[in-house]
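Structural characterization, general
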Amino acid sequence: MNRVKWKLEGREFNSRLMIGSALYPSPEVMAKSIKASGAEIVTVSLRRQSATDLNSGNQFWEIIKELGVTVLPNTAGCHTAKEAVTTAMMAREIFEVDWVKLEVIGNQYNLQPDPFALVEATKILIDEGFRVLPYMTDDLVLAQRLAEIGCTTLMPWGSPIGTGRGIMNPYNLKTIREQFPNLNLIVDAGIGKPSDAVEAMELGFDGVLLNSAVALAQEPIKMAKAFKYAIYAGRLGFEAGVMEKRDMANPSTPTVGTPFWHQFS
Amino acid sequence: MRLSINGEIKEFKEKSLTIKEILDLMQYNKGIAVALNETFVLKTEYENIEVKDGDRLDILSPIQGG
């Protein structure tokens, strides 16, 4: 595919798909799915692990390194600003990157980000020299606050993590897009099928971050490829400009020179 | 002293140890990051910071994430 590079937080990429590394049936399927997706940015995380497990080799981390992708660490599982800040700092040291997908969960039922703790943690991390990509709800005022404190990329959800419900509120996402034309906007979470990703891209979003939609598909590698094309198609569609909807039908076939049998009706 | 390490209580006969000494004792070597009492500790500080009875250490390493 003929691609135009785009910039995210000072780095250039071809693909507008960012993909997660969790929930695949096996490490092999994960690696093949990531390759098939064409994604250049892969999200990773940090957890407690015993020395015994680590010394027998961190197979996951070795595979990711071999893929030659850019990693984007997340702060999944954090419920307070303090936890998220500490995790981000640990991630910066291990992964040697200055950016973080900042997650601070506020509700255990729908894993909704806590907007207040998110702003608090973002402030601290930006002061510490991080590039913060906040995982957030599709709230316009929250977007405004995060932009004011220095975020240049925002990642509102399509719907709650892992639900596959697609874009719950296109109006909210469209409004954020219109109000922040110069920020990078990524739909993160809730994408279930390729058409959801097309919708996000047609709304003018700069990219899509997903994981479960590929990892939990019947055939993850094939689905990864489907998302690769969907995101490319959606972006082209946005750039090309969608026609206005009309109430009245309008023939697409020229009426001049209509054959004789129509002229008698 | 008693320490909480990755959520488990561990007993050490020493009264205090540096973070480096603890990591060595537990055979952690590379690919980790450490937080002491929920505060991040730079790798370069492992030799200088002593932990004491009741402290909490979290030792994290890379894992799959979405």
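Structure report, in brief. Along each chain, residue indices are assigned from 1 in the same order as the chain's sequence is written. Written order determines the labels here, with chains lettered from A and ligands numbered from 1. Restriction of local features to residues with pLDDT of at least 70 applies here, the model being predicted, together with a cutoff of 80 or more for giving and counting side-chain atom pairs; totals for whole chains, interfaces and linings are based on all residues. Heavy atoms from the whole structure form the basis of all side-chain values; hydrogens and water molecules are not counted.

A few points about the overall build of chain A
- Under the scheme used here, helices are H or I runs from DSSP no shorter than 4 residues and strands are E runs no shorter than 2 residues, and both carry numbers assigned from the N terminus. When its secondary structure is counted, chain A shows ten helices and ten strands.
- Expressed along its principal axes, the backbone C-alpha trace of chain A runs to roughly 85 × 40 × 35 Å.
- Only protein chains enter the accessibility calculation, which uses a 1.4 Å probe; a residue whose area is less than 20% of its type maximum is buried, one above 50% is exposed, and one in between is partly exposed. With 265 residues in all, chain A has 49% of them scored as buried.
- Two residues qualify as a contact provided that any one of their heavy atoms is within 4.5 Å of a heavy atom in the partner residue. Relative to all contacts within chain A whose residues are 6 or more apart in sequence, the contacts with residues 24 or more apart total 66%.
- Only the protein chains shown count as cover for residues, with accessible areas throughout obtained via the Shrake-Rupley method and a probe of 1.4 Å. Accessible surface computed for chain A: about 13,200 Å², of which carbon and sulfur atoms make up 52%.
- Side chains of chain A give 26 positive and 29 negative charges; the mean places of these two sets differ by 4 Å. Under this rule, positive means Lys or Arg and negative means Asp or Glu; His and the chain ends count for nothing. Working definition for charges: the position is that of NZ of Lys, CZ of Arg, CG of Asp or CD of Glu.

Here we look at the overall build of chain B
- Of the regular secondary structure elements, chain B holds one helix and seven strands.
- In sequence order, the secondary structure elements of chain B are arranged as β-β-β-α-β-β-β-β.
- For chain B, the proportion of its 66 residues judged to be buried stands at 44%.
- Considering only contacts within chain B whose residues lie at least 6 apart along the sequence, 51% involve residues at least 24 apart.
- In the structure as shown, chain B presents an accessible area of about 3,800 Å², 48% of it carried by carbon and sulfur atoms.

Digging into helix H10 (residues 220–240) of chain A
Residues and elements named next belong to chain A.
- By this rule, a helix spans an expected 1.5 Å times one less than how many residues it contains. In a regular helix each residue adds 1.5 Å, so 21 residues correspond to 30 Å; H10 covers 30 Å between its end C-alpha atoms and thus fits that length.
- By the burial criterion, the buried members of H10 are Pro-220, Ala-224, Phe-227, Ala-230, Ile-231, Gly-234 and Arg-235. What you see down the axis of H10 is that its buried residues fit within an arc of 125 degrees, all on one side. For H10, the exposed residues set more than 90 degrees away from the buried face come down to Lys-222 and Ala-240.
- Each element contacted by the buried residues of H10 is listed here: strand S3 (17–20), helix H1 (27–37), helix H8 (194–202), strand S10 (207–210) and helix H9 (212–215).
- In the segment just after H10, Gly-241 is the residue with positive phi, at about 85 degrees. The arc under discussion is defined with respect to the helix axis, by the directions toward the C-beta atoms.

Describing the nonpolar core
- Leu-8, Ile-64, Phe-95 and Leu-210 of chain A are the most contacted members of the largest nonpolar core, which has 81 residues in total.
- Definition of nonpolar core: a set of buried residues of the types Ala, Val, Leu, Ile, Met, Phe, Trp, Tyr and Cys, connected through side-chain atoms within 4.5 Å. Residues Leu-17, Ile-22, Val-34 and Ile-59 of chain B belong to the second largest nonpolar core, which totals 19 residues.

Focus on the environment of Phe-40 of chain B
- Of note, Phe-40 of chain B is situated in strand S5 (residues 39–41).
- For Phe-40 of chain B and Asp-58 of chain B, which are 18 residues apart along the polypeptide, the C-alpha to C-alpha distance reads 9.2 Å.
- Phe-40 of chain B has contacts with Thr-86, Met-89, Met-90 and Glu-93 of chain A together with Val-34 and Ala-35 of chain B, leaving out every residue within four places of it along the chain.

Focus: the interface of chain B and chain A
- With 28 residues of chain B in contact, the opposing surface of chain A contributes 29 residues.
- When chain B packs against chain A, the two sides together hide about 2,300 Å² of surface, and 58% of this comes from carbon and sulfur.
- Salt bridge, as applied in this entry: a Lys or Arg side-chain nitrogen positioned within 4 Å of an Asp or Glu carboxyl oxygen. The interface formed by chain B and chain A contains one salt bridge.
- Polar contact is the term for a pair of N or O atoms within 3.5 Å; when the atoms are in protein, one must be able to donate a hydrogen and the other to accept it, and sequence-neighboring residues count only if both atoms are side-chain atoms. Linking chain B with chain A are 17 residue pairs in polar contact (both at pLDDT 80 or more), by the criterion used here.
- At eight residues, strand S7 (residues 56–64) of chain B tops the list of elements feeding residues into the side of chain B that touches chain A.
- Any residue that is not Ala, Val, Leu, Ile, Met, Phe, Trp, Tyr, Cys, Pro, Asp, Glu, Lys or Arg is counted as polar, Gly included; the first ten are nonpolar and the last four charged. Taken together, the residues of the side of chain B that touches chain A break down into 14 nonpolar, ten polar and four charged.
- Each pair of strands is called paired provided DSSP finds at least two bridges between the two strands. Sheet topology note: the strand S4 (residues 41–48) of chain A/S7 of chain B ladder contains five bridges and is antiparallel. Bridging across to S7 of chain B, Ser-45 of chain A finds its partner in Ile-63 of chain B. Summed over both partners, buried area is the accessible surface (1.4 Å probe) that two parts give up on being assembled.

A few points about the environment of Arg-235 of chain A
- For Arg-235 of chain A, the position within the fold is in helix H10.
- Arg-235 of chain A sits 57 residues away from Glu-178 of chain A along the chain, and the two C-alpha atoms are 16 Å apart.

Notes on helix H4 (residues 81–95) of chain A
Residues and elements named next belong to chain A.
- For H4, with 15 residues, the first-to-last C-alpha span of 21 Å sits near the 21 Å given by 1.5 Å per residue.
- When you tally the buried positions in H4, you get twelve out of 15 residues, the bulk of the element.
- Those residues of H4 that sit buried are Ala-81, Ala-84, Val-85, Thr-86, Thr-87, Ala-88, Met-89, Met-90, Ala-91, Glu-93, Ile-94 and Phe-95.
- Of the residues trailing H4, Glu-96 is marked for its positive phi of about 55 degrees.

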